[in-house]
Amino acid sequence: PGLLGLGRALAKRLDALSRRIIYIVSSDLAHTHQASGPYGFCDCAEKFDKACGRWASTMESSYIREEAAREQGLGAMSCGFTGLVVLDGMLDLFRDSWISATVANYHPTYYGMLVAKFGPPAL
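Please read all numbers here as calculations on a predicted model, not as lab measurements.

Thresholds, definitions, all that
- Residues numbered from 1 in each chain as written.
- Predicted model: local features only at pLDDT ≥ 70, side-chain atom pairs only at ≥ 80, totals over all residues.
- Heavy atoms only, no water.
- 1 Å grid on protein atoms, 1.4 Å probe; cavity = no way out; pocket = protein on both sides within 12 Å on 5 of 7 lines; lining within 4 Å.
- Points joined across faces, edges and corners; volume = space filled by probe spheres on them.
- Helix = DSSP H or I, 4+ residues; strand = E, 2+ residues; numbered from the N terminus.
- Phe/Tyr/Trp six-rings, centres within 6.5 Å; stacked < 30°, edge-to-face > 60°.
- Buried < 20%, exposed > 50% of the residue type's maximum accessible area, 1.4 Å probe, protein only.
- Disulfide = S-S within 2.5 Å.
- Pairing = 2+ DSSP bridges.
- Contact = heavy atoms within 4.5 Å.
- Polar contact = N/O pair within 3.5 Å; in protein donor to acceptor, adjacent residues only side chain to side chain.

Peer 1: Please clarify how the layout of surface pockets should be interpreted in this entry.
Peer 2: Considered as a void within the structure, the largest pocket measures approximately 790 Å³ in volume. What lines the largest pocket is a set of 27 residues, among which Ile21, Ile22, Tyr23, Trp98 and Phe118 lie closest to the centre. Among the elements of the structure, α1 (2-15), α4 (81-91) and β2 (113-119) are those that each provide at least two residues to the lining of the largest pocket. At six residues, the largest contribution of residues to the lining of the largest pocket is made by β2.

Printed below as a string of structure tokens:
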């Protein structure tokens, strides 16, 4: 609730500005894709990254707030998770009028990476 509230408050503040704003979130995903990586392996990593990708494609909060949160708790070790939760709180203000798209969701090394965009349909 704290991160979601921060996101909502930030969205209200930015929306009140008279200029366009780009908000960039670091979205390193699970850091436990490879046993040889610094954090070891967890089969939760793939599930976490997929839930984040589904969230970014649909803006459906349950993917980040429930599925990804569960896998994070099991050991996905995503340093970008908190920023994504803040962004989901921001989306509470715009979800009905914005669109989203996942551009990339891969883990070429021990950690996953997500590139997505959210915004008005003209974006």
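Further notes follow.
Peer 1: How do you make sense of the packing of aromatic side chains when you look at a structure like this?
Peer 2: The way to describe two aromatic rings as a pair is by their centre distance and the angle between their planes. For the coordinates displayed, the defined rule picks out five aromatic pairs. Judged by centre distance (6.3 Å) and plane angle (50°), the rings of Tyr39 and Tyr110 are tilted. Taken together, the residues span a long stretch of sequence, with Tyr39 in the loop between α1 and α2 (44-58) and Tyr110 in the loop between β1 (99-106) and β2 at a distance of 71 residues. The interplanar angle of 70° and the centroid separation of 5.1 Å between the aromatic rings of Tyr110 and Tyr111 together place this pair among those described as edge-to-face. The partly exposed category is assigned to Tyr110, whose relative accessible area is 23%. Using a relative accessible area of 22% as the deciding quantity, one classes Tyr111 as partly exposed. One aromatic cluster is present, formed by Tyr39, Tyr110 and Tyr111 through successive ring pairs.

Peer 1: What should I look at first to understand the state of the cysteines in this one?
Peer 2: Defined simply, a disulfide is a covalent bond joining two cysteines at their sulfur atoms. The tally for this structure, following the rule as stated, stands at one disulfide. For the unlinked cysteine Cys52, the closest cysteine sulfur is that of Cys44, found at 11 Å. For Cys52, a relative accessible area of 0% puts it in the buried group. You can see Cys79 has no disulfide; the closest cysteine sulfur is in Cys52, sitting 12 Å from it.

Peer 1: Teacher, can you tell me more about the pairing of β1 here?
Peer 2: Moving residue by residue along a regular strand, the side chains alternate between the two faces of the sheet. Pairing of β1 with β2, which is carried by seven bridges, proceeds in the antiparallel orientation. Looking across to β2, one finds that Ile99 is bridged to Gly119. Linking β1 to β2, which pair antiparallel, is a turn of six residues.

Peer 1: I keep staring at unusual backbone geometry and nothing clicks. Help me out?
Peer 2: For residues besides glycine, phi is generally negative; the peptide bonds are generally trans as well. Positive phi outside glycine occurs at Met59, with the angle close to 60°. By secondary structure assignment, the location of Met59 is in the loop between α2 and α3 (61-76). A relative accessible area of 6% means that Met59 is categorised as buried. Not every positive phi belongs to a glycine, and Met77 is a case in point at roughly 55°.

Peer 1: Would you mind showing me how to read α4 here?
Peer 2: Burial analysis of α4 places 10 of its 11 residues in the buried class, the great majority of the element. Taken residue by residue, α4 has Phe81, Gly83, Leu84, Val85, Val86, Leu87, Asp88, Gly89, Met90 and Leu91 as its buried positions. The inward-facing, buried residues of α4 abut α1, α2, α3 and β2.

Peer 1: Looking at this model, I keep getting lost on the environment of Arg65. Mind explaining?
Peer 2: Examined against the element boundaries, Arg65 turns out to sit in helix α3. The exposure class of Arg65 is partly exposed, given its relative accessible area of 30%. Separated by 37 residues in sequence, Arg65 and Thr102 have C-alpha atoms that sit 18 Å apart. Beyond its immediate chain neighbours, meaning those up to four positions away, Arg65 contacts Leu4, Arg8, Asp88, Gly89, Asp92 and Arg95. Separated by 2.9 Å, the side chains of Arg65 and Asp92 make a polar contact.

Shape descriptors only; they carry no functional weight alone.
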